[in-house]
Amino acid sequence: MSETITVGLGERAYDIHVGAGALARAGDLLKPLARGVVPVVTDANVAGIHLQPLLDVLDQASIAARPVVMAPGEVSKSFAGLEKLSGALLDLGVDRKGLVIALGGGVIGDLTGFAAGVLKRGVAFAQIPTTLLAQVDSSVGGKTAINASQGKNLIGLFHQPRIVIADTALLSTLPRRELLAGYAEVAKYGALGDAKFFEWLEASGAKALGGDSAAMVKAVAHSCRMKADIVARDERETGERALLNLGHTFGHALEAATGFSDRLIHGEGVAIGMALAFRLSVKLGLCPSQDAERFNRHLKAVGLPFAIADIPGNRPAVDELVAAMAHDKKVSDGKLTFILLKGLGQAFVTCDVPLEAVKEVLAA
Ligand code: ADP
Ligand code: ZN
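Since this is a predicted model, take the numbers as computed values, not measurements.

Q: Describe the overall build of the chain, listing the residues and the values that go with them.
A: Check the secondary structure of the chain and you find 13 helices and 11 strands. Its C-alpha atoms give the chain a radius of gyration of 20 Å, near enough to 21 Å, the size a compact globule of 364 residues would have. By principal-axis analysis of the C-alpha atoms, the chain measures approximately 60 × 40 × 40 Å. The burial tally for the chain puts 57% of its 364 residues in the buried class. Considering only contacts within the chain whose residues lie at least 6 apart along the sequence, 74% involve residues at least 24 apart. Carbon and sulfur atoms form 52% of the exposed surface of the chain, whose accessible area is close to 14700 Å². One finds the centroid of the 37 positive side-chain charges in the chain at a distance of 2 Å from the centroid of its 38 negative side-chain charges.

Okay, here's the thing in structure tokens:
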């Protein structure tokens, strides 16, 4: 039960190895890239569970791995986190032609990718994502970043990994809420471009989330394949790659309005954001309402939120949400860019959306 997907980026092409137990092959897979000391960057939570097995397989392959353990959470995706990490990498004496391994969720992947991208003007890095969100989204495609006080992910660069090893068995220790939030990005691929995949998720998504490892491998591999294909055609997001932002303009606004707190984690914001994108598309007469209802039914069936009212606490004000959207980095020429839908599996990019319709959807 394993699949390999190639991200076709010419001389920067790389493989994503998806499988239950893929970590056992990390030594063989990473050996050709390793040189000198190889730092393994992780966070304290992941270190407590999954670091030692990785160090063991690397040791068996005679790779001189050295752990660097960061604090868990967004706090590490910062200038302070970057300073700490790059200092540790330099102290370890990472070779300019060497390798840095990221073992963790999106935070560790984004931070390590960025640090590797600027360290000695760029060293190679490998991604071993440990959250569902990171396996299907952030570990693939080369976007790396830290946060600025002005906003999230504003300081970063494109730096493609040399290899991604996505071991779905690592997800068994992930808190249920994190697993579900990552699943929102899986459902996103069906919604944005593959109605057949969405149909498969309706039949098997809950199984994958419930621990059926063949189903989870398929869900992760198919998501990675879709992202890989889009990234290969539009690495720098000048066009089609923007489709991957389905649900994210609304989602980011909801995250901002709830203070990027525990009230709403990223994937949950994306789930509600996608439901809002469907609603807006229906309101504008672009999408059949049955498709929007079907999408909501699936989110509900797996246990994801799909309405603003599902967020605990005070409902964010419409004006606040609109202001947050205007601050989003995807704004260009003062116009809000939305990903809307002509139906399930048929997303498109537009910046031609009347603000009144957006407000109505946010108030409903
Ligand atoms: P994401 O991948 O969702 O962007 P993070 O990198 O912040 O997010 O990871 C979410 C949380 O889950 C963090 O607290 C992290 O330490 C923890 N975590 C990551 N992977 C695992 C895992 N496989 N098992 C248990 N906890 C994990
Ligand atoms: Zn996302």
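What follows continues from the structure just given.
Q: Explain the coordination of the zinc ion (ligand 2) to me, and be specific about the residues and the numbers.
A: Taken together, E185 (OE), H248 (NE2) and H266 (NE2) make up the protein donors of the zinc ion (ligand 2), found 2.0 to 2.1 Å from the metal. Along the chain, the residues donating to the zinc ion (ligand 2) are arranged with the sequence spacing E-x62-H-x17-H. Residue H248 is located in helix α9 (residues 248–257), and its partner H266 is located in helix α10 (residues 266–283); the two are separated by 18 residues in the primary sequence. On the accessibility criterion, H248 (7% relative accessible area) is buried.

Q: Any chance you could break down the domain arrangement of the chain for me, citing the residues and the numbers?
A: When the parts of a complex come together, some accessible area is lost, and that lost area is often taken as the interface size. Splitting the chain by domain gives domain 1 (2–173) and domain 2 (176–363). For domain 1 versus domain 2, the separation of C-alpha centres amounts to 26 Å. Contacts between the two partners involve 26 residues from domain 1, matched on the other side by 29 residues from domain 2. Carbon and sulfur atoms make up 66% of the surface buried where domain 1 meets domain 2, a total of about 2400 Å² over both sides. On the domain 1 side of the interface with domain 2, the three residues burying the most area are L132, V136 and F158, jointly 25% of the side's total. Linking domain 1 to domain 2 there are four salt bridges. The salt bridge involving E3 is made with R225; its shortest N-O contact spans 2.6 Å. Counting across the domain 1 and domain 2 interface gives eight residue pairs in polar contact (both at pLDDT 80 or more).

Q: Explain the packing of α10 against helix α13 (residues 355–363) to me, and be specific about the residues and the numbers.
A: Contact geometry of α10 with α13 gives a least axis separation of 10 Å together with a crossing angle of 130 degrees. In terms of orientation, α10 and α13 fall into the oblique class. Crossing angle aside, the handedness with which α10 passes α13 is right-handed. Of the residues in α13, those touching α10 at L276, R279, L280 and K283 are A357, V358, E360, V361 and L362. Looking at the contact of α10 with α13, its residues break down into six nonpolar, no polar and three charged.

Q: Hey, could you go over the state of the cysteines for me, with residue numbers and the actual values?
A: Throughout the structure, instances matching the rule amount to zero disulfides. As a non-bridged cysteine, C351 has C287 as the owner of its nearest cysteine sulfur, 20 Å distant.

Q: Pulling in residues and values, what's your account of the site of ligand 1?
A: Surveying the vicinity of ligand 1 reveals 16 residues, the closest of which are D43, G106, T130, T131 and T173. Measuring from a nitrogen atom of ligand 1, one finds a side-chain N or O atom of H50 at 3.5 Å. T131 has a polar side-chain atom sitting 2.6 Å from an oxygen atom of ligand 1. Starting from 570 Å² of accessible surface for ligand 1 in isolation, the protein chains cover 84%. Listing elements by their share of the shell around ligand 1, those giving two or more residues are α2 (44–60) and α4 (106–118).

Quick notes on the rules
Residues numbered from 1 in each chain as written. Chains lettered and ligands numbered in written order. Predicted model: local features only at pLDDT ≥ 70, side-chain atom pairs only at ≥ 80, totals over all residues. Heavy atoms only, no water. Helix = DSSP H or I, 4+ residues; strand = E, 2+ residues; numbered from the N terminus. Rg over C-alpha atoms; globule rule 2.2 N^0.38 Å. Buried < 20%, exposed > 50% of the residue type's maximum accessible area, 1.4 Å probe, protein only. Contact = heavy atoms within 4.5 Å. Areas by Shrake-Rupley, 256 points an atom, 1.4 Å probe, with all protein chains shown as cover. Lys, Arg positive; Asp, Glu negative; His and termini not counted. Charge placed at Lys NZ, Arg CZ, Asp CG, Glu CD. Donors = N, O, S within 2.8 Å, 3.2 Å for Na, K, Ca; no water. Domains from an automatic or database assignment. Buried area = accessible area lost by both parts, 1.4 Å probe. Salt bridge = Lys/Arg side-chain N within 4 Å of Asp/Glu carboxyl O. Polar contact = N/O pair within 3.5 Å; in protein donor to acceptor, adjacent residues only side chain to side chain. Axes fitted to C-alpha atoms, helices over the stretch in contact; angles between N-to-C directions. Parallel < 35°, antiparallel > 145°, perpendicular 65-115°, else oblique. Left-handed = near helix turned anticlockwise from the far one by under 90°. Nonpolar A, V, L, I, M, F, W, Y, C, P; charged D, E, K, R; others polar. Disulfide = S-S within 2.5 Å. Near = heavy atom within 4 Å.

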